[in-house]
Amino acid sequence: TVLAGFLVWRSQPGALCWPRRRLRLDILRYGWGVHIPTLIGVVNERASPIVIALFLSPSDLGLFVVSVSATGLVSYGAATFAQLAFPRVAPQNTQAGKVAIFGRYLRASLLLTCVGAVSLVISARWLVPLVFGAPFAGAVALTQILCLGAVFSALRLLFANGLMAQARLVQISKAQLAGLVAHIGGLSLLLPELGVIGAAWAFVLAQALPALILAVSVSQAFGCSMASLMKPTMSDWLLVRRVLRPS
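Since we're looking at a predicted model, the values are computed, not measured.

(A) Representation of the overall build of the chain in the model. Summing up its helical and strand segments, the chain has nine helices and zero strands in all. The N-to-C order of helical and strand elements in the chain reads α-α-α-α-α-α-α-α-α. Summarising the internal contacts of the chain: among those between residues at least 6 apart in sequence, 78% fall at separations of at least 24. By element, 70% of the accessible surface of the chain is carried by carbon and sulfur atoms, the whole surface being about 13700 Å².

Structure representation (C-alpha cells):
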C-alpha cells in the first residue's frame, strides 16, 4: 500500500519533493484508521474456525468451513457494491449528494444479498450435498444459519465504506472491536452447549452487532434516518442492472 501510494504520488505533476509534514501525518493517520478495523475484522472472521479446530472435532470444522464457503457467494455482491460506493460517495461536494449515492448502493446491495440469502436457505438441502458431496449434508443447517450472518455482513461492509468516505474511522474500529468481543463471548457461551451450531450463531452475532452499531454511526454521519436511506427509488434498479450486466 505504501509503495503503491508513493508511485502514484511520484507520477503526479510537480511531485518533486515530499509532502508537507501535516499532509504526511494525515495520510498515515487515515491509513492506520483504515487498516486497524480491517485487521480486527479478519480476526473476527477467523475466530470461529480457530475455536472449532481447538475444541471440536475435525468433522465439525469441515462442516463449518463448507457452510462459510457456501454463504460467501451471498456476500460477494455486497463486497462489490461496497468497493464501488466508496470512490463515488467520497468526492461528493454536498451532504445531499453523499446521502443519495450511498443510499442507492446500500439498497441495491441489501436487495441482492437478501435475494441470495433466501434462495440459499431454500435450496441448501439440495445444493450443499450436490456441490460439496453427500458427506457434507450436515452443513445444511449451518449454511442456513450463516445466511442470516451474510445479510448483516453485507450491511456492515456498506456502512463501513460509507463511514470511510466520511473519514469517520474511529467508529468503524469501535464497531469491529465490539463484534470481536461479542464473537468471543458468544463462542464461550454457545459452543459448550450447542457445539458447531452454537459457533454458527456466535458468528451471526459477530456480524449483527457491528452492523447495528455502524447503522447508528451512519445515520449521524450522513445526517439522516436509516429509514430514508432504505427508501427505494427507480435509480436502484438501474444500478443493479448496470452492475449485473455482463461486460
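Next comes the rest of the write-up.
(B) Expanded view of the nonpolar core. Membership of the largest hydrophobic core comes to 35 residues, with the highest contact counts inside it found for Phe102, Leu106, Leu158, Phe159 and Val218. The element that contributes the greatest number of residues to this core is helix α5 (residues 140–165), accounting for ten residues. With near-sequence residues (within four places) excluded, Phe102 lies in contact with Val89, Leu158, Phe159, Gly162, Val218, Phe222 and Leu229. Leu63, Leu142, Leu146 and Phe203 belong to the second-largest nonpolar core, a separate cluster that totals 21 residues.

(C) Quick look at α5. An ideal rise of 1.5 Å per residue puts 38 Å on 26 residues; α5 measures up with 37 Å between its terminal C-alpha atoms. Among the 26 residues that make up α5, 21 are buried, leaving the element largely enclosed by the rest of the structure. Positive phi appears at Ala167, one or two residues downstream of α5, with a value of about 60 degrees.

(D) Structural context of helix α4 (residues 95–132). Taking 1.5 Å of rise per residue, the 38 residues of α4 would be expected to cover 56 Å, yet its terminal C-alpha atoms sit only 47 Å apart, more than 12% below that figure. Its axis deflected by about 75 degrees at Ala124, α4 carries its strongest bend there. In the segment just after α4, Gly133 is the residue with positive phi, at about 105 degrees.

(E) Main features of the packing of aromatic side chains. If you walk through the whole model with that rule in mind, you get three aromatic pairs. Between Phe64 and Phe203, the aromatic rings sit 6.3 Å apart at their centres with planes inclined by 80 degrees, giving edge-to-face as the arrangement. Residue Phe64 is located in helix α3 (residues 58–89), and its partner Phe203 is located in helix α7 (residues 196–222); the two are separated by 139 residues in the primary sequence. Judged on exposure class, the residue Phe64 and its partner Phe203 are both buried. Consider the rings of Phe81 and Tyr105, whose centres lie 6.2 Å apart with planes at 65 degrees: the pair is edge-to-face.

(F) Representation of the packing of α3 against α5 within the structure. Closest axis-to-axis distance for the α3/α5 pair is 8 Å, and the angle between their directions is 20 degrees. As far as their axial angle goes, α5 and α3 are roughly parallel. Judged by the twist between their axes, the crossing of α3 over α5 is right-handed. The residue makeup of the contact of α3 with α5, split by class, is 21 nonpolar, six polar and no charged.

(G) Broad picture of a nonpolar patch on the surface. A contiguous nonpolar surface patch, about 410 Å² in accessible area, is contributed by Val118, Val121, Ile122 and Trp126. Position of Val118 among the secondary structure elements: in helix α4.

(H) A look at unusual backbone geometry. A positive phi is found at Ala167, a non-glycine position, where the angle reads about 60 degrees. For Ala167, the position within the fold is in the loop between α5 and α6 (169–194).

(I) The arrangement of the pattern of salt bridges in detail. Going through the model one piece at a time under the given rule, you end up with two salt bridges. For Arg46, the salt bridge identified is with Glu45, shortest N-O distance 3.7 Å. With relative accessibility at 47%, the residue Arg46 sits in the partly exposed group. The network of salt bridges with common partners includes Glu45, Arg46 and Arg156.

Conventions adopted
- Residues numbered from 1 in each chain as written.
- Predicted model: local features only at pLDDT ≥ 70, side-chain atom pairs only at ≥ 80, totals over all residues.
- Heavy atoms only, no water.
- Helix = DSSP H or I, 4+ residues; strand = E, 2+ residues; numbered from the N terminus.
- Contact = heavy atoms within 4.5 Å.
- Areas by Shrake-Rupley, 256 points an atom, 1.4 Å probe, with all protein chains shown as cover.
- Core = buried A, V, L, I, M, F, W, Y, C linked by side-chain atoms within 4.5 Å.
- Buried < 20%, exposed > 50% of the residue type's maximum accessible area, 1.4 Å probe, protein only.
- Expected span 1.5 Å × (residues − 1).
- Bend = angle between axes of the 7 residues up to and from the residue.
- Phe/Tyr/Trp six-rings, centres within 6.5 Å; stacked < 30°, edge-to-face > 60°.
- Axes fitted to C-alpha atoms, helices over the stretch in contact; angles between N-to-C directions.
- Parallel < 35°, antiparallel > 145°, perpendicular 65-115°, else oblique.
- Left-handed = near helix turned anticlockwise from the far one by under 90°.
- Nonpolar A, V, L, I, M, F, W, Y, C, P; charged D, E, K, R; others polar.
- Patch = residues over 30% accessible without salt bridge, like charges linked within 9 Å, V, L, I, M, F, W, Y side chains within 5 Å.
- Salt bridge = Lys/Arg side-chain N within 4 Å of Asp/Glu carboxyl O.

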